[in-house]
Amino acid sequence: MQINTEELRRQFDERLAEIKSSTEIDSLRVDFLGKKGKISALMAELKNVAAEQKKEVGQMINDLKQSIEKTITEKAEELVRLEEQKKIDSVEAYDATLPTSLDLGSYHPITLIQREVQDIFTSMGFIVENYSEVVDDYHCFEALNIPKHHPARDMQDTYYLDNGQLLKTHTSAAQNYIMRKYGAPVRAIFPGRCFRNESTDACHENTFFQLEGIMIDEDISISNLIYFMKTMLSEVFKQDITVRLRPGFFPFVEPGFELDISCTICGGKGCPSCKNSGWLELCPCGMIHPNVLKAGGIDTEKYTGFAFGLGLTRLAMMKYGIKDIRMLNSGNLKALSQFSDK
Ligand code: DAH
């Protein structure tokens, strides 16, 4: 009995030349290498081969089988690669400049007002600092001339954490850190989220934003404070703003003030928005208390400074005419998106 492996290889090569897809290569594999395939058939013929040739012929069939297996594997890999490339080529080129149909959302009113105030102060030489929302008692109170058991602590109903730290009740908590970081002279503003255990209503929130500022240098006086406040507020409200100072008590400033602005709605004549007084309370401030400067490592013989704690949340409400503070934390996208054009 003659076994012709060369003829089988020829048949295989002929079929292989016609193969164009990975499905076709699978059927070729079955035809030649499958249980009922041509190689198995050839193996079955081996029993009819003369005994002295069996070993040699068996070896030839095995070599053919291995060579076909190798060729099929390589061809299959090549076909998969080509098919993937074809898919990639058929996808239209990605154009990053195409408009997206996604709704991009908008900036929160607090973000808008914060950026505006930041821009104004940086144009006047102030740096913008960031500070943690979780702080320790020293930075929030003691370094600000509010020792333990001082009644002024009652004004800020504080969320204490189990580890003794607390959620900062005011941005003033960063004053000491900034004085230590930069020394004097320094001009810095530091916006941030603050927390107080308040029951909420249209005017009160337990989570709100302030923007604090300090300026420390030689010969800084209340006139400097008034100048910077007036300039900043006139730019924010895009009109000339008149300010007035009333005495106010805060342990970390001496003297301390409440800064009022002439009502932006009625121009100071008196209206329901300003309870007919013509004035709106906006920004507590004062000359930094020497104890606070000392705690910050500042030479009180040489330097003085002012500080202010602008209620960013309040400012946003005034600027955008937001009547209920709870809207700001509501997550109501429809309401919040009306202030931004982005
Ligand atoms: N930290 C004060 C508060 O939240 C506000 C304040 C008052 C800040 C006077 C100041 C300041 O910098 O000078 O009640």
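Residues numbered from 1 in each chain as written. Predicted model: local features only at pLDDT ≥ 70, side-chain atom pairs only at ≥ 80, totals over all residues. Heavy atoms only, no water.

**Observations regarding helix H7 (residues 175-182)**
As a reminder, the rule being used: For the exposure calls, accessible area comes from a 1.4 Å probe over protein chains only, and a residue counts as buried if that area is under 20% of its type's maximum, exposed if over 50%, partly exposed in between. Note on conventions: DSSP H or I runs of at least 4 residues are helices, E runs of at least 2 residues are strands, and numbering of each starts at the N terminus. The arc under discussion is defined with respect to the helix axis, by the directions toward the C-beta atoms.
Along H7, the residues classified as buried are Gln175, Asn176, Ile178 and Met179. Along the long axis of H7, the arc covered by the buried residues comes to 165°, so they all point the same way.

**Concerning the packing of helix H8 (residues 222-237) against helix H10 (residues 312-320)**
Any two packed helices are characterised by the angle at which their axes cross and by the distance between the axes. Formally: Here, axes are lines fitted to C-alpha atoms. For helices the fit covers the stretch in contact, and angles between N-to-C directions go from 0 to 180 degrees. Angles are sorted into four bins: roughly parallel if under 35 degrees, roughly antiparallel if over 145, roughly perpendicular if 65 to 115, and oblique for all others. By the convention used here, residues are in contact when the closest approach between their heavy atoms is within 4.5 Å. The nonpolar class holds Ala, Val, Leu, Ile, Met, Phe, Trp, Tyr, Cys and Pro. Asp, Glu, Lys and Arg form the charged class, and all remaining residues, Gly among them, are polar.
Across the interface, H8 lies against H10 with an axial gap of 11 Å and an inter-helix angle of 40°. For the element pair H8 / H10, the angle class is oblique. Only Leu315, Met318 and Lys319 of H10 make contact with H8, whose side of the interface consists of Leu233, Val236 and Phe237. Of the residues that constitute the contact of H8 with H10, the class distribution is five nonpolar, no polar and one charged.

**Here's the deal with the site of the ligand**
Condition: Any residue with a heavy atom lying within 4 Å of a molecule or strand is counted as near it. In the analysis that follows, any N or O atom pair within 3.5 Å is treated as a polar contact, provided that within protein one partner can donate a hydrogen and the other can accept it, and provided that, for residues neighboring in sequence, both atoms belong to side chains. For accessible areas, the Shrake-Rupley method is used with a probe of radius 1.4 Å. Any residue's cover is judged against the shown protein chains and nothing else.
The environment of the ligand is made up of 16 residues, and the closest members are His170, Ser172, Arg196, Gln210 and Glu212. Side-chain polar atom of Glu212 to an oxygen atom of the ligand: 2.7 Å apart, as the coordinates give it. Protein chains shield 94% of the accessible area of the ligand, which is 360 Å² for the free molecule. For the shell around the ligand, the secondary structure elements donating two or more residues are strand S5 (207-217), strand S8 (279-288) and strand S9 (304-311).

**Regarding the domain arrangement of the chain**
Our working rule: Here the limits of each domain have been adopted from an automatic or database domain assignment.
The assigned domain composition of the chain is domain 1 (2-90) and domain 2 (107-339). For domain 1 versus domain 2, the distance between C-alpha centres works out to 82 Å.

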